[in-house]
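Okay, here's what each chain looks like letter by letter:
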Amino acid sequence: MRDADPGLFGPDSVTWQMHGDPVMWIAGVRALYLQALHPRAVRGVTQNSDFRKDAWGRLLRTASFVGEITYGTTLAAERAGARIRGIHRRLSAVDPDTGERYGVDDPDLLLWVHCAEIDSYLHVARRSGFPLTDAHADAYVDEQREAARLVGLDPADVPADSTELARYFEKVRPDLAATPEAFEVVRFLKSPPVPRLLLPARLALWQSVAGTAFAALPPFAHELYGRTPPSEASVDRRLRAGGRLLRTIPATLRWQLPPGHILKAVGRLGPGTHPSARRLPASATVVP
């Protein structure tokens, strides 16, 4: 007998459809570049994480968390959130300029990480050709307040639509800077260590993904990193080409990647619940 629990979002949500698109791989890397521009947030990572030695493990754990809270049961999502909150409560970092020790579960830091992630997912999806309307985008930002709650934020303090998200970035920009830790993250993401046998794959695939993700950063991020922002047209071309290429990978193959959250969800809820741009809610007109 099937467990009909649709989870926190369910197959009628924008989140369900969008998170199943493979362009989220590019979006996730873009989020990491952007998140690194908050000095306290990036120090929370570099002072607590062994990401240099466990690069792929960290990326897979992050992807698994997003997959679990998107496609898992309500209980699984709540448990995943509790695990993350528990980890964050135990971690702290030191500001090298002031000597102040602070918790990585500081709401301001959690909000930055959340907003950088949601902005990246939306930005890359839309510019790569995933057919989201403005109404879809607003619905997605609102839906993701549930994800923010899971990591310890009060949903009332989290942007509820695209306009509020843009206002948040305007407000937080004075706090951002490209610190040595941020540049360390950039260098690492552009050329993460891999076994010798996988070097050709890193050259052929990963550098393209990482380069496209960096190009897709907002102009202010390029300026903070000391780069001239590329033209919007050139970034659009790269994202659309990347989206077309990634979408040629058969969905049934992609969904088998560990830990297989999508396949488990479809098995739980039945045929016709797989994520697809064609199943976006009909509350708004889908643009080509």
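Just above, that's the structure.
Here is a short report on the structure shown in this document. (Residues numbered from 1 in each chain as written. Predicted model: local features only at pLDDT ≥ 70, side-chain atom pairs only at ≥ 80, totals over all residues. Heavy atoms only, no water.)

### Topic: the overall build of the protein chain
- Looking only at helices and strands, the protein chain has 15 helices and 2 strands in total.
- The long-range share in the protein chain, meaning contacts at least 24 apart out of those at least 6 apart in sequence, stands at 75%.
- As displayed, the protein chain has an accessible area near 14,300 Å², and 57% of this comes from carbon and sulfur atoms. (Helix = DSSP H or I, 4+ residues; strand = E, 2+ residues; numbered from the N terminus. Contact = heavy atoms within 4.5 Å. Areas by Shrake-Rupley, 256 points an atom, 1.4 Å probe, with all protein chains shown as cover.)

### Here we look at helix α13 (residues 232-246)
- Between the first and last C-alpha of α13 there are 21 Å, a value that for 15 residues agrees with the 21 Å anticipated at 1.5 Å per step.
- Among all positions of α13, only Ser-234, Val-235, Leu-239, Gly-242, Gly-243 and Leu-246 are buried. Taken around the axis of α13, the buried residues stretch over an arc of 165°, which confines them to a single face. Summarising the geometry of α13, the exposed residues directed more than 90 degrees from the buried face are Arg-237, Arg-244 and Leu-245. (Expected span 1.5 Å × (residues − 1). Buried < 20%, exposed > 50% of the residue type's maximum accessible area, 1.4 Å probe, protein only. Arc of directions from axis to C-beta.)

### As for the packing of helix α3 (residues 39-46) against helix α10 (residues 180-190)
- Where α3 contacts α10, the axes come no closer than 9 Å and their chain directions differ by 60°. Relative to α10, the element α3 lies oblique. The hand of the α3/α10 crossing is left-handed. Judged by residue contacts, Val-42, Arg-43 and Thr-46 of α3 engage Glu-181, Ala-182, Glu-184 and Val-185 from α10.
- Looking at side-chain class alone, the contact of α3 with α10 contains 3 nonpolar, 1 polar and 3 charged residues. (Axes fitted to C-alpha atoms, helices over the stretch in contact; angles between N-to-C directions. Parallel < 35°, antiparallel > 145°, perpendicular 65-115°, else oblique. Left-handed = near helix turned anticlockwise from the far one by under 90°. Nonpolar A, V, L, I, M, F, W, Y, C, P; charged D, E, K, R; others polar.)

### Focus on the packing of aromatic side chains
- This structure, assessed with the given rule, holds 6 aromatic pairs.
- An angle of 90° between the planes, with centres 5.1 Å apart, marks the rings of Tyr-33 and Phe-214 as edge-to-face. Of this pair, Tyr-33 sits in helix α2 (residues 24-35) while Phe-214 sits in helix α11 (residues 199-215), placing them 181 residues apart in sequence. This pair shows no difference in class: Tyr-33 is buried, exactly as Phe-214 is.
- Considering the side-chain rings of Tyr-168 and Phe-169, the 5.6 Å spacing of their centres and the 75° angle between planes classify their relative orientation as edge-to-face. Phe-169 carries the same exposure label as Tyr-168, and that label is buried.
- An aromatic cluster is built from Tyr-33, Phe-183, Phe-214 and Tyr-225, whose rings are joined through pairwise contacts.
- For Arg-40, the ring lying beneath its charged end belongs to Tyr-102, and the centroid distance is 4.4 Å.
- Directly above the aromatic system of Phe-214 lies the positively charged group of Lys-190, at a separation of 4.3 Å from the ring centroid. (Phe/Tyr/Trp six-rings, centres within 6.5 Å; stacked < 30°, edge-to-face > 60°. Lys NZ or Arg CZ within 6 Å of the ring centre and 35° of its normal.)

### Section: the environment of Ala-27
- Looking at where Ala-27 falls in the secondary structure, it is placed in helix α2.
- Ala-27 sits 187 residues away from Phe-214 along the chain, and the two C-alpha atoms are 9.7 Å apart.

### Describing the nonpolar core
- Of all hydrophobic cores here, the largest spans 69 residues; its most connected members are Met-18, Tyr-33, Leu-34, Trp-112 and Phe-169.
- For this core, the leading source of residues is helix α6 (residues 107-127), giving 11 residues.
- If we ignore the near neighbours within four places in the chain, the residues touching Trp-112 are Leu-34, Gln-35, His-38, Ala-41, Tyr-168, Phe-169, Val-172 and Leu-176.
- Ranked by size, the runner-up nonpolar core spans 6 residues in total, among them Tyr-71, Trp-255, Ile-262 and Ala-265. (Core = buried A, V, L, I, M, F, W, Y, C linked by side-chain atoms within 4.5 Å.)

### Remarks on the layout of surface pockets
- By volume, the second largest pocket amounts to about 540 Å³.
- Along the walls of the second largest pocket sit 28 residues, with Arg-30, Asp-119, His-123, Arg-127 and Pro-218 positioned nearest its centre.
- Taken together, the elements giving at least two residues each to the lining of the second largest pocket come down to α2, α6, α7 (134-143), α9 (162-172), α12 (219-224) and α13.
- Considered class by class, the residues forming the lining of the second largest pocket number 15 nonpolar, 4 polar and 9 charged. (1 Å grid on protein atoms, 1.4 Å probe; cavity = no way out; pocket = protein on both sides within 12 Å on 5 of 7 lines; lining within 4 Å. Points joined across faces, edges and corners; volume = space filled by probe spheres on them.)

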